[in-house]
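# Observations on chain architecture
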Amino acid sequence: MSKKKNNDRKIIVCEISRAAQLYKKHLVGKKFLYVFDGRYIEVCYKADSFRHLTGVETSLSAKRFYQYAVKNQLQSSQIYFTSRHPYSLCKKKLKHICEIAVLASTENFMLEEILTNTKSYRFGTTNLKFTLCLNKEYDENGQEKSECYIVESLRDEDCFSKSRTAYEVSHIFSKDNSDKKYSNLLFMDRRSDLDMIPDKAALMIEDNLK
């Protein structure tokens, strides 16, 4: 391997570790409630999803990859690139991974029914720079594991042209997984107020926020 390629991989590993630490601090172990178009969905950011978001190839399991990255123990020899996952795409994705926590608390759009060349997604959130694609998680029997949508993919585009419909997100709330109700208001559109939240979603929010 050339010295330049080896240095490139070392830089990528450092960026992956920094992104993993932010991902853990701000997203893992929490749920997010997105309100849009008089509807709402809950979104989870799972530790096992992190590896796929980076765009690198590795023989490590998703769990081990995330653990090594968070602990700053990931080695440059443990990642590689292919025509399907090239170095250039990984660089673009890593730039956005560090911005995911910001996307979960600022103005963005909710896209519905995203269709790409390889997969379809029920929803996606975008800030016009990149899109997080969301689907439900299913068990081996094809049953939904929870009401929560999980982040399955990060795309370096806004995905408006790939979606059926786009809506402005009016509210975003968060809570720890162990909490019964949402206690943090992360974002509210300036044209909205808390009275505009759907009744079912309002029941999921702490009374002191209403």
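Residues numbered from 1 in each chain as written. Predicted model: local features only at pLDDT ≥ 70, side-chain atom pairs only at ≥ 80, totals over all residues. Heavy atoms only, no water.

## Brief notes about the overall build of the protein
Regarding its fold elements, the protein presents six helices and eight strands. In sequence order, the secondary structure elements of the protein are arranged as α-β-β-α-α-α-α-β-β-β-β-β-β-α. When the backbone C-alpha atoms are referred to their principal axes, the protein occupies close to 60 × 40 × 35 Å. Relative to its full complement of 210 residues, the protein shows a buried share of 44%. Within the protein, residue pairs in contact and separated by at least 24 positions form 59% of the contacts whose partners lie at least 6 positions apart. Each charge class in the protein was averaged separately, 36 positive and 28 negative side chains, and the resulting centres sit 9 Å apart. (Helix = DSSP H or I, 4+ residues; strand = E, 2+ residues; numbered from the N terminus. Buried < 20%, exposed > 50% of the residue type's maximum accessible area, 1.4 Å probe, protein only. Contact = heavy atoms within 4.5 Å. Lys, Arg positive; Asp, Glu negative; His and termini not counted. Charge placed at Lys NZ, Arg CZ, Asp CG, Glu CD.)

## Things to note about helix α3 (residues 62-70)
Of the residues making up α3, those classed as buried are A62, F65, Y66, A69 and V70. One side of α3 holds all its buried residues, which, seen down the axis, span an arc of 125°. Two residues or fewer past α3, N72 is found with a positive phi of approximately 60°. (Arc of directions from axis to C-beta.)

## Some thoughts on the nonpolar core
By size, the foremost hydrophobic cluster in this structure holds 42 residues, and its most contacted members are I16, Y34, I41, Y45, F50 and I100. With six residues, helix α1 (residues 3-26) is the largest single contributor of residues to this core. Ranked by size, the runner-up nonpolar core spans nine residues in total, among them L33, I197, A201 and L209. (Core = buried A, V, L, I, M, F, W, Y, C linked by side-chain atoms within 4.5 Å.)

## Digging into the environment of K162
Here K162 is to be found in the loop between β6 (144-155) and β7 (163-176). Each C-alpha atom of the pair K162 and L115 lies 5.5 Å from the other, and the pair is 47 residues apart in sequence. In contact with K162, other than residues within four places in its own chain, are E113, I114, L115, T116, R155 and E157.

## Observations concerning the pattern of salt bridges
Evaluated as defined, the whole model comprises 15 salt bridges. With a shortest N-O distance of 3.0 Å, K162 and E157 are connected by a salt bridge. With a closest N to O distance of 2.2 Å, R191 and E168 form a salt bridge. Residue R191 is located in the loop between β8 (184-188) and α6 (199-202), and its partner E168 is located in strand β7; the two are separated by 23 residues in the primary sequence. You can call R191 exposed: its relative accessible area is 55%. Accessibility expressed as a relative area gives 38% for E168, which makes it partly exposed. Taken together, the shared-partner salt bridges connect D37, R39, E112, E113, R122 and R164 into one network. (Salt bridge = Lys/Arg side-chain N within 4 Å of Asp/Glu carboxyl O.)

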